[in-house]
Amino acid sequence: MIEIIYKEEQKNDDGKEAFFRIPNNIRQIGEIKGQQKIYIEDYAYTFLKKISRDSRNEGKAAILLGEYHWSGGNSYLFITSALAIENMEVSPEHIVFDDKIWGQIYEENNKYFPQQEIVGWFISLPGFTMELNDVIRKNHLNHFAGSDKVLFVVEPGEWEEAFFVYENNQLNRQPGFYIYYEKNEPMQAYMIEKSN
């Protein structure tokens, strides 16, 4: 009887404690610590690497899509897809998510990945030292607030990369994450279309 009541209470919290499957085929990057587990699908990761390499002289941004779950006191973020943000100036001193940008994001999200929700954002900044400034923090808090949203930052020259999660009133760098390998036809189709 106690077990049934406990399960019902868990299901009512926010709907994210539903059944989910952790991928079998994974590769660990860095050290995994704490209760936040970040998984990024290989096609999404490859796409972000590609737009980073293509932008060695200018900053680039993208939206991360997927789903968020929690179980047993741990949170699990699965990044399944990434949408490139086009026609947006990206630098450590200037990042603006205006109505036009959000319109483009929602339109492409509905077109390519209608079943996925926004779980964070990505920026590639040449020469960036991985020290988040007020512009980046403010954009994260204004547009991607909550502990279920992440920021993925890449410095394309040296290929330094890091995920940041909002915890204890600040964006904290995560020591590691997982890349997982699964069939991901929507992301593969999006990559082919964007490469053309």
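Thresholds, definitions, all that
Residues numbered from 1 in each chain as written. Predicted model: local features only at pLDDT ≥ 70, side-chain atom pairs only at ≥ 80, totals over all residues. Heavy atoms only, no water. Helix = DSSP H or I, 4+ residues; strand = E, 2+ residues; numbered from the N terminus. Buried < 20%, exposed > 50% of the residue type's maximum accessible area, 1.4 Å probe, protein only. Contact = heavy atoms within 4.5 Å. Areas by Shrake-Rupley, 256 points an atom, 1.4 Å probe, with all protein chains shown as cover. pLDDT = per-residue confidence, 0-100. Pairing = 2+ DSSP bridges. Axes fitted to C-alpha atoms, helices over the stretch in contact; angles between N-to-C directions. Phe/Tyr/Trp six-rings, centres within 6.5 Å; stacked < 30°, edge-to-face > 60°. Core = buried A, V, L, I, M, F, W, Y, C linked by side-chain atoms within 4.5 Å.

(A) Quick peek at the overall build of the chain. In terms of regular secondary structure, the chain is built from five helices and 11 strands. Put simply, the chain has 196 residues, and 46% of those count as buried. Excluding contacts between residues fewer than 6 apart, the proportion of contacts in the chain whose partners are at least 24 apart in sequence is 71%. When the accessible surface of the chain is totalled, it reaches about 10800 Å², and 45% of it is carbon and sulfur.

(B) Region of the structure containing the environment of E31. Considering the arrangement of structural elements, one finds E31 in the loop between β1 (26-30) and β2 (36-41). Residues E31 and F177, 146 residues apart in the sequence, show an inter-C-alpha distance of 7.4 Å.

(C) Seen up close, the environment of L171. In this structure, L171 sits in strand β10 (residues 170-173). Separated by 24 residues in sequence, L171 and S147 place their C-alpha atoms 9.5 Å apart.

(D) Region of the structure containing the confidence of the model for the chain. With 90% of its residues at a pLDDT of 70 or more, the chain shows a mean pLDDT of 87. The least confident element of the chain, judged by mean pLDDT, is helix α1 (residues 2-12) at 33; the most confident is strand β11 (residues 176-180) at 97.

(E) Fine view of the sheet that holds strand β7 (residues 117-124). As summarised here, the arrangement of the nine strands in space is β1-β11-β2-β4-β3-β7-β8-β9-β10, forming an open sheet in which the pairing is mixed. Sheet topology places β1 and β10 at the edges, where each strand pairs with a single neighbour. Each adjacent strand pair in this sheet contributes to an overall mean axis angle of 30 degrees, direction not counted. Here 11 bridges tie strand β3 (residues 60-71) to strand β4 (residues 74-85), and the two strands are oriented antiparallel to one another. Bridging across to β4, S71 finds its partner in N74. On the sheet, helix α2 (residues 42-53) packs against β2, β3, β4, β7, β8 (150-155), β9 (160-167) and β11 and is oriented at approximately 75 degrees with respect to β2.

(F) Quick look at the packing of aromatic side chains. Under the criterion given, the structure shown has 21 aromatic pairs. With a centroid separation of 5.5 Å and an interplanar angle of 80 degrees, the aromatic rings of F97 and W121 are classed as edge-to-face. Of the two residues, F97 sits in the loop between β6 (94-95) and α3 (99-112) while W121 sits in strand β7, which places them 24 residues apart along the sequence. Across the pair, W121 and F97 agree in class, each one buried.

(G) Just the pairing of β4, in detail. With 11 of 12 residues buried, β4 lies mostly within the body of the structure. Bridge count between β2 and β4: five bridges; the pairing is parallel. For K37, the partnering residue across the bridge sits in β4 and is Y76. In textbook terms, the turn of a hairpin is the stretch between consecutive antiparallel strands, and for β3 and β4 this stretch comprises two residues, one of which, G72, has a positive phi near 60 degrees.

(H) Expanded view of unusual backbone geometry. Positive phi, normally seen in glycine, also occurs at N87, with a value near 60 degrees. Here N87 lies in the loop between β4 and β5 (90-91). Of note in this structure, M130 is not a glycine but carries a positive phi near 70 degrees. Among the secondary structure elements, M130 is positioned in the loop between β7 and α4 (134-143).

(I) A look at the nonpolar core. Judged by nonpolar contacts, the single largest core of 54 residues is most densely connected at L48, I63, L64, F97 and I123. What I63 contacts, discounting residues up to four positions off in sequence, is S81, A82, L83, I85, F97, I105, I118, G120, W121 and F144.

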